[in-house]
Amino acid sequence: MHQYFKYDFEIDVCIIGGSIAGNYLACLLAEQNVRCCVIEEHEILGLPFQCAGIISQKILNLAPFPKSIILNRVKTAKIVAPNNQSIELSGKENPVIIDRIEFDKYFGLKAQEMGAKYYLGEKYVSHWGLPHDKILIKTSKHDIVAKIIVGADGPFSKVAKRYGIKNAMIPAVQARVKYNYDLNKTAMYFDQRWKELFGYIVPEGNNNVCRIGLATSSHPNKAFSTFLKKIEVDSSQIISKQGGALPFGYPKRFAFKNAVLLGDSACMVKATTGGGIVMLVSAAKILASVIDKSLKKNDFSQHYFRKNYEKPIKCSLGIELKLHFLIRLILMELKSEDFNRFFRMYLNSKDLHEIVKNYADMDFPLKLVGKLLLNREFMQIVFQLIIRNLSIIPKIIKIFIS
Ligand SMILES: Cc1cc2nc3c(=O)[nH]c(=O)nc-3n(C[C@H](O)[C@H](O)[C@H](O)COP(=O)(O)OP(=O)(O)OC[C@H]3O[C@@H](n4cnc5c(N)ncnc54)[C@H](O)[C@@H]3O)c2cc1C
């Protein structure tokens, strides 16, 4: 069949990207005895380190991993307004702070033990269709014939670009810093100068080291210096610096003929916090079973992947991710005095305390938002905010109808 094409080997599923999305999916596929390989451009799994590593405790049930990878757990989130007023929120979440390098490695090694083939130091270049419903994937070292390609190649996904998809991106800056901070607490500093996220402090553990960072589209390095100054960190405390990028939006198209996207490449990232791990792990579980069935049915059509992967994800995780984006759009409009009003309202309202305590969820805000929509005080402030920023209305409508 392939006498007209030269190729090095044939496989059922070729995953591009050996970070958490690629490694976790490879584990699930190998567990189902699906023949799969992972192409990763870096020589060592887990590197470079580009993550604050804070994940809700849901991850412990979703994708169990050794306890040694958990460095710390926090109970409280301190939210700081531009004028340094702050409130502290504690809900049912006790997020874990992980060793992200070991986390990626763990799933990568587990996938290999279960039979997934890894090609490290090898770069995906392009792919195109072959007769008989297969594709030819060109990497820097091999020509691979596969039935399905999975783009798990991160925010700058080349696989996504092949389908004309380009995610909006926010540059992120982070550093590991010698900084004495309450082990039980993370902090989020809101400020118009880094309005697409917040400045964060995440204590690594009892080593007096914190992961401190922010993301913004305008002058990220300058904003980072300003943030460090604000929290009284000087350059001598910086141990190492990390860069990165956060996709900004929500998943739109991620299923094609013989191809699907997973994780940052599909914009499965919460626009409120920049966190992507719980979302992509949840999506990988659905995808693994869809891929298994597609191989059994020999159906690699766009229709099949849209119906069984893209649509169900859009109707579940996708709605939550849209909501994250909507909240982010509103947060981006908040001025110092708006934070003060929210804080005052929160501190004086028993109802709001109860709602936050019972419904706050780092990953899935739908229930919390549903409860807040029924709270008169809260809605009054939100309406006043929207009336003052009418330009936000078309953006909100666009999210709802897309
Ligand atoms: C500063 C920062 C802090 C963050 N903090 C958190 C956090 O606290 N909690 C959380 O849940 N999320 C956090 N995130 C987001 C989280 O890191 C991502 O959602 C997650 O890493 C996405 O995983 P992924 O596998 O989809 O993509 P990535 O982790 O980006 O991995 C993509 C992989 O593909 C490889 N690759 C790319 N192109 C090619 C190619 N052409 N050929 C071969 N290989 C290729 C890359 O080398 C990489 O290994 C943070 C992100 C940043 C930038």
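Residues numbered from 1 in each chain as written. Predicted model: local features only at pLDDT ≥ 70, side-chain atom pairs only at ≥ 80, totals over all residues. Heavy atoms only, no water.

### What to know about the overall build of the chain
Alright, step 1. For the chain, the count of helices and strands is 13 helices and 18 strands.
Alright, step 2. A compact globule built from 402 residues would reach a C-alpha radius of gyration of about 21 Å, and the chain, at 22 Å, matches this within 12%.
Alright, step 3. Each principal axis of the C-alpha distribution contributes one length, and for the chain these read about 75 × 50 × 35 Å.
Alright, step 4. Evaluated residue by residue, the chain yields a buried proportion of 55% over its 402 residues.
Alright, step 5. The long-range share in the chain, meaning contacts at least 24 apart out of those at least 6 apart in sequence, stands at 71%.
Alright, step 6. Carbon together with sulfur atoms contributes 55% to the accessible area of the chain, which is approximately 18400 Å² in total.
Alright, step 7. Taking the 56 positively charged and 36 negatively charged side chains of the chain as two groups, their mean positions are separated by 4 Å. (Helix = DSSP H or I, 4+ residues; strand = E, 2+ residues; numbered from the N terminus. Rg over C-alpha atoms; globule rule 2.2 N^0.38 Å. Buried < 20%, exposed > 50% of the residue type's maximum accessible area, 1.4 Å probe, protein only. Contact = heavy atoms within 4.5 Å. Areas by Shrake-Rupley, 256 points an atom, 1.4 Å probe, with all protein chains shown as cover. Lys, Arg positive; Asp, Glu negative; His and termini not counted. Charge placed at Lys NZ, Arg CZ, Asp CG, Glu CD.)

### Re the side chain of Gln237
Alright, step 1. Note on placement: Gln237 falls in the loop between α5 (220-230) and β16 (238-247).
Alright, step 2. For Gln237, a relative accessible area of 19% corresponds to the buried category.
Alright, step 3. Reaching out from Gln237, the side chain makes a polar contact with the backbone nitrogen of Asp234 at a distance of 2.8 Å.
Alright, step 4. Each residue touching Gln237, except ones within four places of it in the same chain, is listed here: Arg176, Val177, Lys178, Tyr179 and Glu232. (Polar contact = N/O pair within 3.5 Å; in protein donor to acceptor, adjacent residues only side chain to side chain.)

### Digging into the site of the ligand
Alright, step 1. The environment of the ligand is made up of 35 residues, and the closest members are Ser19, Glu40, Ile54, Tyr124 and Asp264.
Alright, step 2. Measuring from an oxygen atom of the ligand, one finds a backbone N or O atom of Ala21 at 3.0 Å.
Alright, step 3. Residue Ile54 places a main-chain N or O atom 2.9 Å away from a nitrogen atom belonging to the ligand.
Alright, step 4. In the complex, 90% of the free accessible area of the ligand, which totals 1000 Å², lies under the protein chains.
Alright, step 5. Listed by contribution, the elements that provide at least two residues to the shell around the ligand are α1 (20-31), β2 (36-40), β12 (169-178), β16 and α6 (277-297).
Alright, step 6. A total of three residues in the shell around the ligand trace back to one element, the largest contributor, which is β16.
Alright, step 7. Taken together, the residues of the shell around the ligand sort by class into 16 nonpolar, 12 polar and seven charged.
Alright, step 8. Residue-level mapping places the shell around the ligand at the junction of two domains, with at least three residues from each of domain 1 (9-49 + 100-166 + 251-319) and domain 2 (72-97 + 168-247). (Near = heavy atom within 4 Å. Nonpolar A, V, L, I, M, F, W, Y, C, P; charged D, E, K, R; others polar. Domains from an automatic or database assignment.)

### Examining the domain arrangement of the chain
Alright, step 1. Split into domains, the chain comes out as domain 1 (9-49 + 100-166 + 251-319), domain 2 (72-97 + 168-247) and domain 3 (323-401).
Alright, step 2. Taking only C-alpha atoms into account, the centre of domain 2 sits 22 Å from that of domain 3.
Alright, step 3. Contacts between the two partners involve 19 residues from domain 2 and, on the opposite side, 18 residues from domain 3.
Alright, step 4. In total, about 1500 Å² of surface goes out of reach between domain 2 and domain 3, with carbon and sulfur atoms giving 62% of it.
Alright, step 5. When the buried area of domain 2 at its contact with domain 3 is split by residue, Ile87, Glu93 and Phe190 rank highest and sum to 29% of it.
Alright, step 6. Along the contact surface separating domain 2 from domain 3 lie zero salt bridges.
Alright, step 7. Counting across the interface, domain 2 meets domain 3 through eight residue pairs in polar contact (both at pLDDT 80 or more). (Buried area = accessible area lost by both parts, 1.4 Å probe. Salt bridge = Lys/Arg side-chain N within 4 Å of Asp/Glu carboxyl O.)

### Re the side chain of Thr216
Alright, step 1. Position of Thr216 among the secondary structure elements: in the loop between β15 (209-215) and α5.
Alright, step 2. A polar side-chain atom of Thr216 sits 3.2 Å from a polar atom in the side chain of Glu196.
Alright, step 3. Apart from the residues within four sequence positions on either side, Thr216 is in contact with Ile170, Pro171, Arg193, Trp194, Glu196 and Ala223.

### Section: the packing of α6 against helix α7 (residues 302-315)
Angle between the axes and distance between the axes are the two parameters that describe a pair of packed helices.
Alright, step 1. In contact at an axis separation of 10 Å, α6 and α7 are set at 165 degrees when each is read in the N-to-C sense. One element, α6, and the other, α7, form an angle in the roughly antiparallel class. In the crossing of α6 with α7, the sense of the turn from one axis to the other is right-handed. Contacts from Ala283, Ile286, Leu287, Val290, Lys293, Ser294 and Lys297 in α6 reach Tyr304, Phe305, Asn308, Tyr309 and Ile313 in α7.
Alright, step 2. In the contact of α6 with α7, the residues fall into eight nonpolar, two polar and two charged. (Axes fitted to C-alpha atoms, helices over the stretch in contact; angles between N-to-C directions. Parallel < 35°, antiparallel > 145°, perpendicular 65-115°, else oblique. Left-handed = near helix turned anticlockwise from the far one by under 90°.)

### Things to note about the packing of aromatic side chains
Alright, step 1. Inspection of every chain in the model, using the stated rule, returns 17 aromatic pairs.
Alright, step 2. Ring centres of Phe254 and Tyr309 lie 5.3 Å apart, and the angle between their planes is 90 degrees; this geometry places the pair in the edge-to-face category. Of this pair, Phe254 sits in the loop between β16 and β17 (255-256) while Tyr309 sits in helix α7, and the two are 55 residues apart along the sequence.
Alright, step 3. With relative accessibility at 0%, the residue Tyr309 sits in the buried group.
Alright, step 4. Among the aromatic residues, ring-to-ring pairing joins Tyr24, Phe65, Phe103, Tyr106 and Phe107 into one connected group.
Alright, step 5. Looking at Arg162, its charged tip hangs above the ring of Tyr163, at a distance of 5.2 Å from the centre.
Alright, step 6. Its guanidinium or amino end placed over the ring of Tyr250, Lys252 lies 4.4 Å from that ring's centre, counting from NZ or CZ. (Phe/Tyr/Trp six-rings, centres within 6.5 Å; stacked < 30°, edge-to-face > 60°. Lys NZ or Arg CZ within 6 Å of the ring centre and 35° of its normal.)

### Description of the sheet that holds strand β3 (residues 54-55)
Alright, step 1. A sheet is described by the order of its strands in space; here three strands give the open sequence β3-β7-β4, paired in antiparallel fashion. In this open sheet, the two edge strands, each paired with only one partner strand, are β3 and β4 (70-73).
Alright, step 2. Pairing geometry for β4 and strand β7 (residues 96-98), over three bridges, is antiparallel. What sits directly across from Ile70, in β7, is Ile98. (Pairing = 2+ DSSP bridges.)

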